[in-house]
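The residues making up each chain are set out below.
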Amino acid sequence: MYVCRNCGYAAAKWSGKCPNCGEWGTLDESNMPVKKKAGKVLQPVYGADLVKAATIPESKLEKLSTGFTEIDRILGGGIARGAVTLVGGDPGIGKSTLLLQVLAYIASEGHTVAYISGEESLAQLSSRLKRLLSKIPDTLLMGTDTDLESVVGSLSRQKLDFVVIDSIHSLTDANTEGTYGGISQLKMVTSSLTQWAKKNDTGMFLVGQVTKEGYVAGPKNVEHIVDTVMYIERLGDENIRLVRTVKNRFGEVGEVGFLKMAGKGLEDKTDFSRMLVEESAVSLPGGALGITLQGSRPIMVHLQVLTNDTMFAVPRRVVDGISKNKVEVLAAVIAKKLPKLYLDKKDIFIKANGGISLKDPGIDLAIIGAILSSVLNVSFETTVFIGEVGLQGEIKACAGFDARLKEAKKLGFTNIVTYKTVSHISEILEFLKKKVS
Ligand code: TYD
Ligand code: MG
């Protein structure tokens, strides 16, 4: 019998890769026979009475501010009391900084909170706190530990409103088999802490490291255990952080918020939209502005396009940050409806600035605008394109149309091309010629 060190899977035959968790080199020979559980015939025991759903009183979900308007918004109005939130992201992205700031804010509102680190010493944490805050609240407690049982013991010694565990990868459960940071350890640590939080009605933030390589299991493996999952990513500029919810039991998912890493920690970055657009590049031919929707949030994007006569029988469509299928389809629509542009003989290179990946139908018209700008060598610098384009070249409204329109107007744009101004892509040229000249 061979047992995987990582997930505990038992296999009759040895193999290099565990058939269950996919880790390499983790199968060890074991003499322990694997017990097969026989199906048990259940005997009725006295259980709790079931209740009528209609009579269950509604419990009001209390939400607390995190001190960041961007984070409160993506969480649907703040952090729910008693919720367990997983915060994932690359090392050095700012997870510890963000959670120290959030915890200090919650403490300053009079709640008792604790920060448990398995990665940094108390001295390191203290010097970071001093950098972040001018006054450290009295109700902010700190501890460093890497043993799950001992962490739960320390936490249980007082009533806590919120706890940060930094990180779930640094804790181990002595009673669970599996490699340090492996899937079975990670699941045990996360589910034990989540159960503790629920039992004690304590809100909890769990930090999960994302690593592209190495043997550490990613936070994805434990997303199902917690209430809310947030990821922090770097966006465009070195100091800008995008925070995204991918799961939220207490609100919408797919919401994004923007933060900026500054000298004294993270700050809200509410003027997010404009920053994705480089002013200097917008005035050149070969680009167009569009408004995409991330969750319910409209964001301005700058699409850049280069078109060249192709040297191949089938012209190339090279994409960066945009769905390739979408570009292929829209290029085919232009080739059919505007044959004089000879797009079927041109390569298209297209790139979305800002590091956001675009699949959204509402940017169809902006992609077409950017392609036309390149082929015709004209600049549409003050024009924003909003809308979906059908296979017949018809321009349509798109999801969140009003929110996008409002965003474009808020940013000061007055030339806005939508289905209301132009109904078919064959009319865009005439329309834009009037505008450009
Ligand atoms: P950190 O929160 O330690 O990242 P993580 O916990 O996700 O690994 O972030 C550390 C980075 O942030 C580090 O490169 C220094 C930078 N930083 C600032 O720029 N300003 C600050 O005020 C702080 C505390 C950190
Ligand atoms: Mg950290």
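Residues numbered from 1 in each chain as written. Chains lettered and ligands numbered in written order. Predicted model: local features only at pLDDT ≥ 70, side-chain atom pairs only at ≥ 80, totals over all residues. Heavy atoms only, no water.

Now for the overall build of the protein. Each helix and strand counted, the protein has 11 helices and 22 strands in total. The contacts in the protein between residues at least 6 apart in sequence include a share of 66% that link residues at least 24 apart. For the protein, the exposed surface amounts to about 22,000 Å²; the carbon and sulfur share of it is 53%. The distance from the centre of the 54 positive side-chain charges to the centre of the 48 negative ones in the protein is 4 Å. (Helix = DSSP H or I, 4+ residues; strand = E, 2+ residues; numbered from the N terminus. Contact = heavy atoms within 4.5 Å. Areas by Shrake-Rupley, 256 points an atom, 1.4 Å probe, with all protein chains shown as cover. Lys, Arg positive; Asp, Glu negative; His and termini not counted. Charge placed at Lys NZ, Arg CZ, Asp CG, Glu CD.)

With that settled, the discussion passes to the packing of aromatic side chains. Taken as a whole, this structure holds 3 aromatic pairs when the rule is applied. Ring geometry for Phe380 and Phe385: centres 5.7 Å apart, planes at 55 degrees, overall tilted. Comparing Phe380 with Phe385 shows no difference in burial state: the two are buried. With a centroid separation of 5.0 Å and 65 degrees between ring planes, the pair formed by Phe401 and Tyr419 is classed as edge-to-face. On the criterion of sequence distance, the pair formed by Phe401 in helix α10 (residues 401-410) and Tyr419 in the loop between β22 (415-417) and α11 (428-436) is long-range, its members being 18 residues apart. For Tyr419, a relative accessible area of 32% gives the class partly exposed. (Phe/Tyr/Trp six-rings, centres within 6.5 Å; stacked < 30°, edge-to-face > 60°. Buried < 20%, exposed > 50% of the residue type's maximum accessible area, 1.4 Å probe, protein only.)

Here the focus is the side chain of Asp360. Tracing the backbone through its elements, the reader meets Asp360 in the loop between β18 (346-352) and α9 (364-376). For Asp360, the side chain forms a polar contact with the side chain of Thr292, separated by 2.8 Å. From its side chain, Asp360 meets the backbone nitrogen of Gly362 in a polar contact 2.8 Å long. Residues in contact with Asp360, not counting those within four places in the same chain, are Ile291, Thr292, Leu293, Lys326 and Arg404. (Polar contact = N/O pair within 3.5 Å; in protein donor to acceptor, adjacent residues only side chain to side chain.)

This paragraph deals with the domain arrangement of the protein. What the domain assignment reports for the protein is domain 1 (62-268) and domain 2 (279-436). A straight line from the C-alpha centre of domain 1 to that of domain 2 covers 40 Å. (Domains from an automatic or database assignment.)

Before going further, it helps to spend a moment on the sheet that holds strand β9 (residues 162-166). Each strand in a sheet pairs with its neighbour through backbone hydrogen bonds, running either in the same direction (parallel) or in the opposite one (antiparallel). Pairing within the open sheet is mixed, and its 9 strands lie in the order β8-β7-β9-β10-β6-β11-β12-β13-β14. Only two strands of the sheet have a single neighbouring strand rather than two, namely β8 (140-144) and β14 (265-268). Going across the sheet, the axis of each strand differs from the next one's by a mean of 25 degrees, ignoring polarity. Bridge count for strand β12 (residues 240-248) against strand β13 (residues 256-262) is 5 bridges, and the pairing is antiparallel. Across the sheet, the residue bridging to Ile240 is Lys260, located in β13. In this fold helix α3 (residues 122-132) packs onto β7 (113-117), β8 and β14, with an angle of close to 145 degrees to the strand it touches most, β8. (Pairing = 2+ DSSP bridges. Axes fitted to C-alpha atoms, helices over the stretch in contact; angles between N-to-C directions.)

Counting 36 residues, the largest nonpolar core has Ile334, Leu372, Ile425 and Ile428 as the members making the most contacts within it. Put simply, the parts of the chain that give this core at least two residues each are β16 (297-309), α8 (324-337), β18, α9 and α11. Residues within four places of Ile428 in sequence aside, it is in contact with Leu365, Ile368, Leu372, Ile395 and Val422. Grouped together as the second largest cluster of nonpolar side chains are 33 residues, Ala107, Leu125, Leu132 and Leu259 included. (Core = buried A, V, L, I, M, F, W, Y, C linked by side-chain atoms within 4.5 Å.)

Turning our attention to empty space enclosed by the protein. Per the counting criterion, the structure on display carries 2 cavities of 30 Å³ or more. Roughly 40 Å³ of volume is contained in the largest cavity. Taken together, Leu75, Gly78, Ile79, Ala80, Ala83, Thr85, Thr228, Asn248 and Phe250 make up the full set of residues lining the largest cavity. Here the residues of the lining of the largest cavity sort into 5 nonpolar, 4 polar and no charged. Volume-wise, the second largest cavity comes out at about 30 Å³. The wall of the second largest cavity is formed by Thr66, Ile71, Leu75, Leu98, Leu99, Val102, Phe205 and Met230. (1 Å grid on protein atoms, 1.4 Å probe; cavity = no way out; pocket = protein on both sides within 12 Å on 5 of 7 lines; lining within 4 Å. Points joined across faces, edges and corners; volume = space filled by probe spheres on them. Nonpolar A, V, L, I, M, F, W, Y, C, P; charged D, E, K, R; others polar.)

To continue, consider the packing of helix α4 (residues 148-156) against helix α5 (residues 183-200). Where α4 meets α5, the axes come as close as 11 Å, and the angle between the chain directions of the two elements is 15 degrees. Considering their axes alone, α4 and α5 lie roughly parallel with respect to each other. Note on packing geometry: the crossing formed by α4 with α5 is right-handed. Of the residues in α5, those touching α4 at Leu148, Val152, Leu155 and Ser156 are Met188, Val189, Ser192, Leu193 and Trp196. (Parallel < 35°, antiparallel > 145°, perpendicular 65-115°, else oblique. Left-handed = near helix turned anticlockwise from the far one by under 90°.)

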